[in-house]
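Now for the letters of each chain:
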Amino acid sequence: MDSDLLPLARPGIDRDAHRRTRPGLLEEVRADASTRVVHVREGRVAALDTGDGDPRLVLEAGADERSTWLYLGRDGATSYLAALEPPAEQTARRTDDPQGGNGPDYLNVRDIGWRLSGRDAALAGTALALANWHARHQFCPRCGARTEIGDAGWVRRCTSDSSQHFPRTDPAVIMAITDPQDRLLLGHATHWPPGQFSVPAGFVEPGESLEAAVRREVHEETAVVVDEVSYRASQPWPFPASLMLGFRGRTRQTEAVPDGVEMGSARFFTREEVTQSCSSGQIRLPRPTSIACSLIEEWFGGPLPR
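Residues numbered from 1 in each chain as written. Predicted model: local features only at pLDDT ≥ 70, side-chain atom pairs only at ≥ 80, totals over all residues. Heavy atoms only, no water.

Colleague: Let's hear about helix H6 (residues 291-300): which residues, and what values?
Modeller: Counted residue by residue, H6 has eight buried out of 10 residues, so it is predominantly covered. Among all positions of H6, only Ile291, Ala292, Cys293, Ser294, Leu295, Ile296, Trp299 and Phe300 are buried. On the buried face of H6, the contacting elements are strand S10 (170-178), strand S11 (184-189), strand S13 (229-237), strand S14 (242-250), strand S15 (263-269) and helix H5 (271-280). At the N-terminal end of H6, a side-chain oxygen is found 2.9 Å from the backbone nitrogen of alanine 292, two or three residues along, and the residue is serine 290. Glycine 301 sits one or two residues past H6 and shows a positive phi near 100°. (Buried < 20%, exposed > 50% of the residue type's maximum accessible area, 1.4 Å probe, protein only. Helix = DSSP H or I, 4+ residues; strand = E, 2+ residues; numbered from the N terminus. Contact = heavy atoms within 4.5 Å. Polar contact = N/O pair within 3.5 Å; in protein donor to acceptor, adjacent residues only side chain to side chain.)

This is how it looks when you write it as structure tokens:
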């Protein structure tokens, strides 16, 4: 599996990190007529999806003046900004509003990420990850004072003790576990809609290796003991700020026992059972935007039945 081919991990633009500290960069880039803008509102991005082609981001430069501006990088001579816009109920519609009139909508990247171009997927993922981080780090974790944005959106500085705080990413493991019959372990989390199934996943705990996290999460949720563990690929998951690290694993067990707390049901599936269960609507598997889908398809041997 190649990380560069996963929907939200494909190569995008030059992040241009060395320019972030330049004084007045945001004003300079906003004044450039060639600058393009990713519009973010309430965890969604402005995009056009007509249904008869691949969706694309709406990158018009106009945005609500109350927006928070961040620098995303550049592609050749074109610079890209993110405009973190106020909630819809606080925004007066204007003729140049990306969501105004019969224009595009604010869409969930989970739904459209796999259909975006590599550039648009990278822009949307970076913009959402930064937006989520800024929303959750308004105050200094050291002293509780307010923080302010620096380095064109890539730093927050405490207004009291001047400490600097940087965007964080939470590592999470996600794993395709197979038994001696090469059946795949799938489970239904208790908070998911009925019929939704996926492979196990969970966050890495402090002081824990990735392989240990794979074994612990699977055992905690399904009582399955994992032996061999091998890394496959990684993908950013900005909902709100995770890096999904994909693994394959093997177990000598043939039965799973869901914990009833996080996992409501879990069992091993053959490829034939996956085909039959998906085709009949008995279960639904992850959307193609997620690395979970790629892990399942790698085991399945091709695209999943939809």
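Colleague: Could you give me a rundown of the state of the cysteines, with the residues and numbers involved?
Modeller: One covalent bond between the sulfur atoms of two cysteine residues makes up a disulfide. What the rule picks out here adds up to zero disulfides. Cysteine 143 supplies the cysteine sulfur nearest to cysteine 158, a cysteine that is in no disulfide, at a spacing of 3.5 Å. (Disulfide = S-S within 2.5 Å.)

Colleague: Talk me through the environment of alanine 9; I want residue IDs and the actual numbers.
Modeller: Examined against the element boundaries, alanine 9 turns out to sit in the segment before helix H1 (25-30). Here alanine 9 falls in the buried class, since its relative accessible area comes to 18%. In contact with alanine 9, not counting residues within four places along its chain, are Ser3, Asp4, Ser234, Gln235 and Pro236.

Colleague: Explain the packing of aromatic side chains to me, using residue names and the numbers behind them.
Modeller: Here the structure, examined in full by the defined rule, presents four aromatic pairs. Aromatic pair tyrosine 231 and phenylalanine 247: ring centres 5.6 Å apart, planes at 75°, arrangement edge-to-face. Within this pair, whereas tyrosine 231 is found in strand S13, its partner phenylalanine 247 is found in strand S14, the two being separated by 16 residues in sequence. Taking the relative accessible area as the measure of exposure, tyrosine 231 reaches 42% and is therefore partly exposed. A residue is classified by how much of its surface remains accessible, and phenylalanine 247, at 1% relative accessible area, is buried. Judged by centre distance (6.3 Å) and plane angle (50°), the rings of tryptophan 299 and phenylalanine 300 are tilted. Taken as a pair, tryptophan 299 and phenylalanine 300 share a single burial class, namely buried. The side chain of arginine 20 reaches across the aromatic face of tryptophan 154, ending 3.6 Å from its centre. Lying over the aromatic face of phenylalanine 239, arginine 110 brings its terminal NZ or CZ to 4.3 Å of the ring centre. (Phe/Tyr/Trp six-rings, centres within 6.5 Å; stacked < 30°, edge-to-face > 60°. Lys NZ or Arg CZ within 6 Å of the ring centre and 35° of its normal.)

Colleague: Can you tell me about the side chain of arginine 19, naming the residues and giving the values?
Modeller: Summarising the element assignment, arginine 19 is placed in the segment before H1. A polar side-chain atom of arginine 19 sits 2.8 Å from a polar atom in the side chain of tyrosine 71.

Colleague: Could you give me a rundown of the pairing of S10, with the residues and numbers involved?
Modeller: Counted residue by residue, S10 has seven buried out of nine residues, so it is predominantly covered. Here nine bridges tie S10 to S14, and the two strands are oriented parallel to one another. Considered in S14, the bridge of threonine 178 is made with arginine 250. Pairing between S10 and strand S12 (residues 201-203): three bridges, direction antiparallel. The partner of alanine 172 across the bridge, within S12, is phenylalanine 203. (Pairing = 2+ DSSP bridges.)

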